[in-house]
Amino acid sequence: MDKILISACLLGANVRYDGRHNLIEHPALQHWKQQGRLVMVCPESLGGLPTPRPPAEVQSRFPIFVSTRDGEDVTDQFLSGAEAVVKIAKQHNVCCAIMKSHSPSCGNTFTYDGSFSGVLTEAPGVAAAELIRHGIPVFNEHQIDQLIRFVEAQTEAA
Ligand code: SF4
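Residues numbered from 1 in each chain as written. Predicted model: local features only at pLDDT ≥ 70, side-chain atom pairs only at ≥ 80, totals over all residues. Heavy atoms only, no water.

Caption draft 1: Region of the structure containing the overall build of the protein. The secondary structure content of the protein amounts to five helices and eight strands. Going residue by residue from the N terminus, the α and β elements of the protein occur as β-α-β-α-β-β-α-β-β-β-α-β-α. The contacts in the protein between residues at least 6 apart in sequence include a share of 64% that link residues at least 24 apart. Summing over all exposed atoms, the protein offers an accessible surface of approximately 8100 Å²; the carbon and sulfur share of this is 51%. Charged side chains of the protein number 13 positive and 17 negative; the gap between the two group centres comes to 5 Å. (Helix = DSSP H or I, 4+ residues; strand = E, 2+ residues; numbered from the N terminus. Contact = heavy atoms within 4.5 Å. Areas by Shrake-Rupley, 256 points an atom, 1.4 Å probe, with all protein chains shown as cover. Lys, Arg positive; Asp, Glu negative; His and termini not counted. Charge placed at Lys NZ, Arg CZ, Asp CG, Glu CD.)

Caption draft 2: Quick look at the pairing of strand E2 (residues 38-41). Judged from the four bridges that link them, strand E1 (residues 4-7) and E2 form a sheet pairing that is parallel. Opposite Ser7, over in E2, you have Val41 as the bridge partner. Remark: the E1/helix H1 (residues 27-34)/E2 crossover connection has right-handed handedness. (Pairing = 2+ DSSP bridges. Right-handed = clockwise from strand over helix to strand, strands pointing away.)

Caption draft 3: Focus on the site of the ligand. Around the ligand sit 14 residues in total, of which Cys9, Val15, Cys42, Glu44 and Cys106 are the nearest. In this structure the site holding the ligand corresponds to the largest pocket. The residue inventory of the shell around the ligand, partitioned by class, reads seven nonpolar, three polar and four charged. (Near = heavy atom within 4 Å. 1 Å grid on protein atoms, 1.4 Å probe; cavity = no way out; pocket = protein on both sides within 12 Å on 5 of 7 lines; lining within 4 Å. Sits in = over half its atoms within 2 Å of the grid points. Nonpolar A, V, L, I, M, F, W, Y, C, P; charged D, E, K, R; others polar.)

Caption draft 4: Broad picture of the sheet that holds strand E8 (residues 138-139). In space, the four strands of this open sheet follow the order E2-E1-E5-E8, with parallel pairing throughout. Both edges of this open sheet fall to E2 and E8, since each of them pairs with a single strand only.

Caption draft 5: Structural detail: the environment of Met1. Tracing the backbone shows Met1 in the segment before E1. Residue classification places Met1 among the exposed residues on the basis of a relative accessible area of 67%. Here the alpha-carbon distance between Met1 and Arg20, two residues 19 residues apart in the chain, equals 31 Å. If sequence neighbours within four positions are ignored, Met1 has contacts with Gln35 and Arg37. (Buried < 20%, exposed > 50% of the residue type's maximum accessible area, 1.4 Å probe, protein only.)

Caption draft 6: A look at unusual backbone geometry. Across the junction of Thr51 and Pro52, the peptide omega takes the value -5°, indicating a cis bond. Within the secondary structure layout, Pro52 lies in the loop between helix H2 (43-46) and strand E3 (56-61). Backbone torsion omega between Phe62 and Pro63 reads 0°, so that peptide bond is classified as cis. Checked against the element boundaries, Pro63 lands in the loop between E3 and strand E4 (64-68).

Caption draft 7: Examining the pairing of E3 more closely. By the bridge criterion, five bridges tie E3 to E4 in an arrangement that is antiparallel. Looking across to E4, one finds that Ser60 is bridged to Phe65. Hairpin connection of E3 to E4: two residues between the antiparallel strands.

Caption draft 8: Quick peek at helix H5 (residues 144-157). Helix length check: H5, at 14 residues, gives a terminal C-alpha distance of 20 Å against a target of 20 Å (1.5 Å per residue), a fit within 8%. The set of residues buried in H5 consists of Ile144, Leu147 and Val151. Within H5, the buried residues cover an arc of 55° as seen down the axis, which keeps them to one side. Exposed residues lying more than 90 degrees from the buried face of H5 are Asp145, Arg149, Glu156 and Ala157. Taken together, the buried residues of H5 touch E1, H1, strand E5 (96-98) and E8. (Expected span 1.5 Å × (residues − 1). Arc of directions from axis to C-beta.)

Set out below in C-alpha coordinates:
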(Lines give C-alpha, C1' and ligand atoms only; values in the text may rest on other atoms or scores of the structure.)
Protein backbone atom coordinates (compact mmCIF):
# COMPACT_ATOMS: atom_id res chain seq x y z
CA MET A 1 0.00 0.00 0.00
CA ASP A 2 1.49 3.29 -1.08
CA LYS A 3 2.09 5.89 1.58
CA ILE A 4 0.88 9.47 1.39
CA LEU A 5 2.77 12.52 2.63
CA ILE A 6 0.65 15.01 4.58
CA SER A 7 1.18 18.46 6.08
CA ALA A 8 1.32 17.92 9.83
CA CYS A 9 -1.07 20.81 10.55
CA LEU A 10 -3.80 19.08 8.48
CA LEU A 11 -3.66 16.18 10.94
CA GLY A 12 -4.06 18.51 13.89
CA ALA A 13 -0.44 19.08 14.91
CA ASN A 14 0.04 22.54 16.40
CA VAL A 15 2.91 23.48 14.10
CA ARG A 16 1.52 26.53 12.32
CA TYR A 17 3.38 29.83 12.65
CA ASP A 18 0.82 30.88 15.30
CA GLY A 19 1.02 27.60 17.22
CA ARG A 20 -2.33 26.38 15.91
CA HIS A 21 -3.37 23.69 13.42
CA ASN A 22 -5.53 23.23 10.31
CA LEU A 23 -7.15 19.92 11.20
CA ILE A 24 -9.41 18.52 8.50
CA GLU A 25 -11.72 15.69 9.34
CA HIS A 26 -12.39 13.58 6.29
CA PRO A 27 -13.26 9.86 6.31
CA ALA A 28 -10.59 9.09 3.70
CA LEU A 29 -7.89 10.67 5.83
CA GLN A 30 -9.11 8.82 8.93
CA HIS A 31 -9.07 5.56 6.96
CA TRP A 32 -5.55 6.12 5.62
CA LYS A 33 -4.39 7.15 9.08
CA GLN A 34 -5.74 3.92 10.56
CA GLN A 35 -3.97 1.99 7.81
CA GLY A 36 -0.69 3.69 8.77
CA ARG A 37 -0.33 5.19 5.31
CA LEU A 38 0.09 8.84 6.28
CA VAL A 39 3.57 10.30 6.65
CA MET A 40 3.33 13.59 8.52
CA VAL A 41 5.76 16.45 7.80
CA CYS A 42 6.05 20.13 8.58
CA PRO A 43 8.65 21.63 6.25
CA GLU A 44 9.13 24.79 8.28
CA SER A 45 9.73 22.85 11.49
CA LEU A 46 12.04 20.45 9.65
CA GLY A 47 13.95 23.48 8.40
CA GLY A 48 14.66 24.50 11.97
CA LEU A 49 12.09 27.26 12.49
CA PRO A 50 10.46 27.44 15.93
CA THR A 51 6.73 27.36 16.73
CA PRO A 52 5.34 29.92 17.12
CA ARG A 53 7.28 31.94 14.56
CA PRO A 54 6.71 35.12 12.58
CA PRO A 55 4.73 34.47 9.38
CA ALA A 56 6.89 34.41 6.26
CA GLU A 57 6.13 34.72 2.56
CA VAL A 58 8.06 34.05 -0.63
CA GLN A 59 9.34 37.39 -1.94
CA SER A 60 11.09 36.16 -5.04
CA ARG A 61 11.47 32.79 -6.76
CA PHE A 62 14.43 33.41 -9.08
CA PRO A 63 16.51 33.63 -7.01
CA ILE A 64 14.46 32.25 -4.16
CA PHE A 65 14.05 34.64 -1.25
CA VAL A 66 11.71 34.09 1.70
CA SER A 67 11.34 36.61 4.50
CA THR A 68 9.20 37.50 7.48
CA ARG A 69 7.15 40.69 7.50
CA ASP A 70 10.04 42.36 9.37
CA GLY A 71 12.46 41.39 6.65
CA GLU A 72 14.22 38.52 8.40
CA ASP A 73 15.69 36.23 5.76
CA VAL A 74 14.41 32.68 6.33
CA THR A 75 15.27 31.36 2.87
CA ASP A 76 17.82 28.83 4.15
CA GLN A 77 15.33 27.33 6.61
CA PHE A 78 12.66 27.05 3.92
CA LEU A 79 15.09 25.39 1.50
CA SER A 80 16.40 23.03 4.13
CA GLY A 81 12.84 22.11 5.14
CA ALA A 82 11.94 21.43 1.51
CA GLU A 83 15.02 19.22 1.11
CA ALA A 84 14.13 17.28 4.27
CA VAL A 85 10.56 16.75 3.07
CA VAL A 86 11.71 15.34 -0.27
CA LYS A 87 14.14 13.04 1.56
CA ILE A 88 11.35 11.74 3.82
CA ALA A 89 9.01 11.34 0.82
CA LYS A 90 11.62 9.21 -0.94
CA GLN A 91 12.44 7.18 2.18
CA HIS A 92 8.76 6.24 2.46
CA ASN A 93 8.31 5.92 -1.30
CA VAL A 94 5.12 7.99 -1.12
CA CYS A 95 2.83 8.03 -4.14
CA CYS A 96 1.64 11.57 -3.57
CA ALA A 97 1.16 14.30 -1.03
CA ILE A 98 -1.66 16.30 0.51
CA MET A 99 -0.35 19.65 1.63
CA LYS A 100 -1.95 22.75 3.14
CA SER A 101 -3.16 25.19 0.52
CA HIS A 102 -1.69 28.70 0.24
CA SER A 103 1.19 28.04 2.65
CA PRO A 104 4.55 29.47 1.50
CA SER A 105 5.97 25.99 2.12
CA CYS A 106 3.10 23.60 1.44
CA GLY A 107 0.75 25.35 -1.01
CA ASN A 108 0.51 23.39 -4.25
CA THR A 109 -0.98 25.94 -6.62
CA PHE A 110 -1.57 29.34 -5.05
CA THR A 111 0.53 30.98 -2.34
CA TYR A 112 0.61 34.45 -0.77
CA ASP A 113 2.33 36.96 -2.99
CA GLY A 114 4.90 38.32 -0.53
CA SER A 115 3.00 41.51 0.34
CA PHE A 116 1.55 40.10 3.61
CA SER A 117 -1.83 41.44 2.52
CA GLY A 118 -3.62 38.15 1.87
CA VAL A 119 -3.20 38.38 -1.91
CA LEU A 120 -2.53 35.09 -3.66
CA THR A 121 -0.36 34.38 -6.64
CA GLU A 122 -0.33 31.26 -8.81
CA ALA A 123 2.85 29.53 -7.69
CA PRO A 124 3.60 26.60 -5.36
CA GLY A 125 5.24 26.90 -1.96
CA VAL A 126 8.90 26.04 -1.53
CA ALA A 127 8.47 22.44 -0.30
CA ALA A 128 5.54 21.68 -2.62
CA ALA A 129 7.59 22.90 -5.58
CA GLU A 130 10.44 20.55 -4.63
CA LEU A 131 8.05 17.59 -4.33
CA ILE A 132 6.55 18.39 -7.74
CA ARG A 133 10.06 18.77 -9.21
CA HIS A 134 10.85 15.27 -7.94
CA GLY A 135 7.74 13.86 -9.64
CA ILE A 136 5.52 13.60 -6.56
CA PRO A 137 1.96 14.84 -7.24
CA VAL A 138 0.78 17.33 -4.62
CA PHE A 139 -2.90 17.85 -3.75
CA ASN A 140 -4.38 20.23 -1.20
CA GLU A 141 -7.15 19.82 1.38
CA HIS A 142 -9.75 21.06 -1.13
CA GLN A 143 -8.76 18.35 -3.61
CA ILE A 144 -9.38 15.25 -1.51
CA ASP A 145 -11.77 13.76 -4.08
CA GLN A 146 -9.08 14.08 -6.74
CA LEU A 147 -6.57 12.58 -4.33
CA ILE A 148 -8.87 9.61 -3.61
CA ARG A 149 -9.24 8.94 -7.35
CA PHE A 150 -5.48 9.17 -7.80
CA VAL A 151 -4.79 6.76 -4.92
CA GLU A 152 -7.41 4.29 -6.18
CA ALA A 153 -5.90 4.38 -9.67
CA GLN A 154 -2.46 3.73 -8.20
CA THR A 155 -3.81 0.76 -6.22
CA GLU A 156 -5.57 -0.73 -9.25
CA ALA A 157 -2.44 -0.38 -11.35
CA ALA A 158 -0.28 -2.14 -8.74
FE1 SF4 B 1 1.37 23.28 8.01
FE2 SF4 B 1 3.14 23.26 6.05
FE3 SF4 B 1 2.85 25.43 7.54
FE4 SF4 B 1 3.99 23.26 8.59
S5 SF4 B 1 4.79 24.51 6.91
S6 SF4 B 1 2.43 24.52 9.55
S7 SF4 B 1 2.84 21.64 7.61
S8 SF4 B 1 1.33 24.55 6.19
